[in-house]
Amino acid sequence: MRDRHQRATALVFAVHGAVAGTLATRMPWFQDHFGLGTAALGLVLLCPPIGSFLAMPMTARLAYRFGAKATTRTLLALWCAALALPVLAPGPLWLVPAFLLYGAAAGMCDLAMNAQGVLVERRLGRSVMSGLHGMWSVGNLCGAGLGAVAAQAGLDARAHLTLMAAALIAAGAVGSRALLDDTPAPDEKPPSRFTVPPRAVLLIGLIGFFATFAERASGQWAAIYLKDVTGAGPGVAAAGFTVFTACMVAMRLGGDFVVRRAGPVATVRAGAVTAVLGGVIVVAFRTPAPVIAGFALFGAGVAVVVPLVFAAAGQAARTPAEGVAGVATITWMSGLVAPSVIGWLAGTFAFPFAFALVTCMVAAMIRPARALSPRAGTAARVPVASACAD
């Protein structure tokens, strides 16, 4: 039976994913309601990752000041409330601060919940991070599914997102009562107000950079690659993205079973080899079926890398929040630049060339994967105070 702290953390991940999935389904409403062109909407959608990138390094200080449990619960509530901010904007210009705040809440809550995952792994003495990220994907799919139903039914996005925000705030508040707390020692030095990646997590962060780049590049461009390179129709092209995503979700939900038996280093190296095989297939073939199979292998190969990167960073730094904050800054930067870099390479050279580069980046994870070994570094503070239900 799952530990109650693990269940609470899994629910936090699922709620976080549901918020993101809900908003994603209403992008056409934003474009129509505010009269945004494609370029203008693209600029607006740069605001969330910018807000996240600027706010995330402050999370470690908040966790130190208020405790891991209170920080996570508060940031989760703010993230859910931020779901309603963009739709309530009085005009297009107000979308910029609304999405900046939305992104800030997203990134800070993301760090806090991953730090919770590290605490749960310490308490249980086994890997759970992959499954937690799998629950994020499950929540994301549920939010997207409900959003699609609401959009099809013609429900106004302002009512839809406001109701979802309230429901998710309530679910998060009730379900997160059993989160773990992490009390600092009386003589412990507080983290800086703006955490930069500590040296101990730089190599771990590099692995996360490569994995996130590959994940975001494939997620954003798989359907278009199938359309432009293989001549696939809209349905087949969309199926390529769906297969890629489904393989990632399935692998994350079952990834902890693999990690517990093979260890994080072997798991990442096997995943990298699998993804490289998938990348070679994607680059080499020009018909839909093998390319979709290649993207499936790619998704399965990179799926567990980012969860293991967060887990290793939380153990390697002085505190979980500092380690996660440091490596997340690197991975979010990768996610920010990946779609535009692939688009530029595809436009300047060709899509196969762009994904050949992505395949090389995945291969580059194999050697430094040793940094994810539990022997590579352990957090300075081990005791964790269990939080009883409020």
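Keep in mind the model is a prediction, meaning the values are calculated, not measured.

Concerning the overall build of the protein chain
Secondary structure summary: the protein chain contains 16 helices and zero strands in total. Its C-alpha radius of gyration of 20 Å places the protein chain within 12% of the 21 Å reference for a compact globule of 390 residues. When the backbone C-alpha atoms are referred to their principal axes, the protein chain occupies close to 60 × 50 × 40 Å. The proportion of buried residues among the 390 residues of the protein chain is 53%. Taking contacts inside the protein chain between residues at least 6 apart in sequence as the whole, the part at least 24 apart equals 85%. A total accessible area of about 16000 Å² is found for the protein chain, and carbon and sulfur atoms account for 70% of it. Across the protein chain, 28 positive and 14 negative side-chain charges occur, with their mean positions spaced 5 Å apart.

Examining the packing of aromatic side chains
Applying the stated criterion across every chain yields a total of 15 aromatic pairs. Site record: aromatic cluster; members linked through ring pairs are Trp29, Phe30, Phe34, Trp79, Phe99 and Tyr102.

Describing the environment of Gly208
With respect to the element layout, Gly208 can be found in helix H10 (residues 202-230). Among the residues examined, Gly208 registers a relative accessible area of 0% and is labelled buried. With residues up to four places along the chain from it excluded, the contact list for Gly208 reads Val309 and Thr331.

Points about the confidence of the model for the protein chain
Put simply, the protein chain has an average pLDDT of 86, and 91% of its residues get 70 or more. When the elements of the protein chain are averaged for pLDDT, helix H3 (residues 38-44) gives the smallest value, 77, and helix H12 (residues 264-284) the largest, 96.

Some thoughts on the side chain of Ser218
Mapped onto the elements, Ser218 comes out in helix H10. Take Ser218: its relative accessible area is 0%, and that puts it in the buried class.

Criteria and thresholds
- Along each chain, residue indices are assigned from 1 in the same order as the chain's sequence is written.
- Only residues with pLDDT of at least 70 are given local features in this predicted model, and only at 80 or more are side-chain atom pairs given and counted; all residues enter the totals for whole chains, interfaces and linings.
- Where side-chain values are given, they derive from all heavy atoms of the structure, hydrogens and water being excluded.
- Each helix is a run of H or I in the DSSP string that is no shorter than four residues. Each strand is a run of E no shorter than two, and both are numbered from the N terminus.
- All radius of gyration figures rest on C-alpha atoms, and the globule criterion is 2.2 Å times the number of residues raised to 0.38.
- Partly exposed residues are those whose accessible area sits between 20% and 50% of the maximum for their type, while under 20% is buried and over 50% is exposed, using a 1.4 Å probe and protein chains only.
- In what follows, residue pairs with any heavy atoms lying within 4.5 Å of each other are defined as contacts.
- Computed with the Shrake-Rupley method and a 1.4 Å probe, the accessible areas treat only the protein chains shown as cover for residues.
- Charge assignment in this entry is limited to Lys and Arg as positive and Asp and Glu as negative, and neither His nor the chain termini are counted.
- Think of each charge as sitting on NZ of Lys, CZ of Arg, CG of Asp or CD of Glu.
- Pairing of aromatic side chains requires ring centres within 6.5 Å, counting the rings of Phe and Tyr and the six-membered ring of Trp. Pairs whose planes differ by under 30 degrees are stacked, by over 60 edge-to-face, and all others tilted.
- The predictor's confidence in any single residue is recorded as pLDDT, a number from 0 to 100.

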